[in-house]
Amino acid sequence: MSGRVSFVGAGPGAPDLLTVRAVRILGVADVIVWARSLVDPAILEHARPGAELVPSDDRTHEQVVEIYARAAEQGLHVARVHSGDPTVYGALHEQLQACRALGLATEIVPGVSSVSAAAAALGQELTIPDVSQTLIYTRRPTRTSMPANEQLVELARHGTTLVLFLSVRRPRELQADLLEGGYAPETPCAVVYRASWPDELVVRCPLSELAVQIKANRITTQALVLVGPALQAAPCARRSHVYDPGYGHRYRPLGRPDRYKKAAAPDG
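Everything numeric here is computed off the predicted structure, so don't read it as measured data.

So, about the sheet that holds strand β10 (residues 223–227). The strand order across the open sheet built from 5 strands is β6-β7-β10-β8-β9, with neighbouring strands paired in mixed fashion. This sheet does not close on itself; its edge strands, each paired only once, are β6 (135–139) and β9 (201–206). Neighbouring strand axes in the sheet, compared pairwise and without regard to direction, differ in orientation by 20 degrees on average. Bridge count for strand β8 (residues 188–193) against β10 is 5 bridges, and the pairing is antiparallel. Paired with Val-191 across the strands is Val-225, a residue of β10. The strands touched by helix α4 (residues 114–122) are β6, β7 (161–165), β8, β9 and β10; relative to β10, the strand with the most contacts, the crossing angle is about 70 degrees.

It is worth spelling out helix α3 (residues 92–101) at this point. For α3, every residue scored as buried is listed here: Leu-92, Gln-95, Leu-96, Ala-98 and Cys-99. Along α3, the residues classed as buried sweep out an arc of 165 degrees about the axis, all on the same side. Turned more than 90 degrees from where α3 packs its buried face, His-93, Arg-100 and Ala-101 sit exposed. Considering only its buried residues, α3 is in contact with β1 (4–9), α2 (61–74), β4 (77–82) and β5 (105–109). In the stretch just after α3, Gly-103 is the one whose phi turns positive, near 80 degrees.

Burial of nonpolar side chains together is a common tendency in soluble globular proteins. Core analysis: the largest hydrophobic core is formed by 21 residues, its most contacted members being Leu-162, Leu-174, Leu-178, Val-191, Leu-210, Ile-214 and Val-225. Listed by contribution, the elements that provide at least two residues to this core are α5 (152–156), β7, α6 (171–180), β8, β9, α7 (210–216) and β10. The residues touching Leu-162, leaving out its near neighbours within four places in the chain, are Ile-136, Thr-138, Leu-152, Leu-155, Ala-156, Leu-178, Tyr-183, Val-225, Leu-226 and Val-227. Listed in part, the 18 residues of the second largest apolar core include Ala-22, Val-39, Ile-43 and Ala-79.

In a regular helix each residue adds 1.5 Å, so 14 residues correspond to 20 Å; α2 covers 20 Å between its end C-alpha atoms and thus fits that length. Within α2 the residues assigned to the buried category are Val-64, Val-65, Ile-67, Tyr-68 and Ala-71. The arc that holds the buried residues of α2, viewed along the axis, is 150 degrees, so those residues lie on one side. Exposed positions of α2 whose direction lies more than 90 degrees from the buried face are Glu-62, Glu-66 and Glu-73.

Conventions we followed
Residues numbered from 1 in each chain as written. Predicted model: local features only at pLDDT ≥ 70, side-chain atom pairs only at ≥ 80, totals over all residues. Heavy atoms only, no water. Pairing = 2+ DSSP bridges. Helix = DSSP H or I, 4+ residues; strand = E, 2+ residues; numbered from the N terminus. Axes fitted to C-alpha atoms, helices over the stretch in contact; angles between N-to-C directions. Contact = heavy atoms within 4.5 Å. Buried < 20%, exposed > 50% of the residue type's maximum accessible area, 1.4 Å probe, protein only. Arc of directions from axis to C-beta. Core = buried A, V, L, I, M, F, W, Y, C linked by side-chain atoms within 4.5 Å. Expected span 1.5 Å × (residues − 1).

Following this line, the structure appears as structure tokens:
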């Protein structure tokens, strides 16, 4: 017998943001290990009858690995459910290593990122032509250290859009780092708490008010902080080139059509 572990992204919170693949995996798994502190229990409606449901938030890594070891011995299929996407701040690396050491097959089922849900809550695109074409995902160090070349002050010097995970517990230090890195006090910011959940909260403010707003709204966890010029509330005249009338490509040739490869005919 050979067991397997599927690392399943549950998305940012709303249970209807599960992918079709995630639903399929949940429907066949023998064991579902899920973080009840971060994942809506409604996703368990997709579990097959008789599946073993194991909350992970009161277990250590070693205790979860014991479940994987049992899967290897008994040929079980485990669905390990993570909030958001398991490949971003998902404590996935050490779990993959443990599974491979046990001889378990593994797969990763991508999830809708909390960043996507936050942008949807803000009602805007995060990459705007000639304003910001780069997103940096990072965090401030708390109990988790940061590599020497990834200090927030240095990353802030790029002046592009920063998305900060796990960084709202020390808002004054966060604000100070961003200002020291070169963002102007009037730089637009947004704090999105529990994006896509029923109690979602969106706070917009200039960087100069970021710490005050985080404290005033009593946000201490489960929030993203977004900083940068793309968050400006005013309409932007910039537009993407791909749909511009003067922008040609193989599906919409302009000028000399012989310059473009002929588009493949749709299957009929």
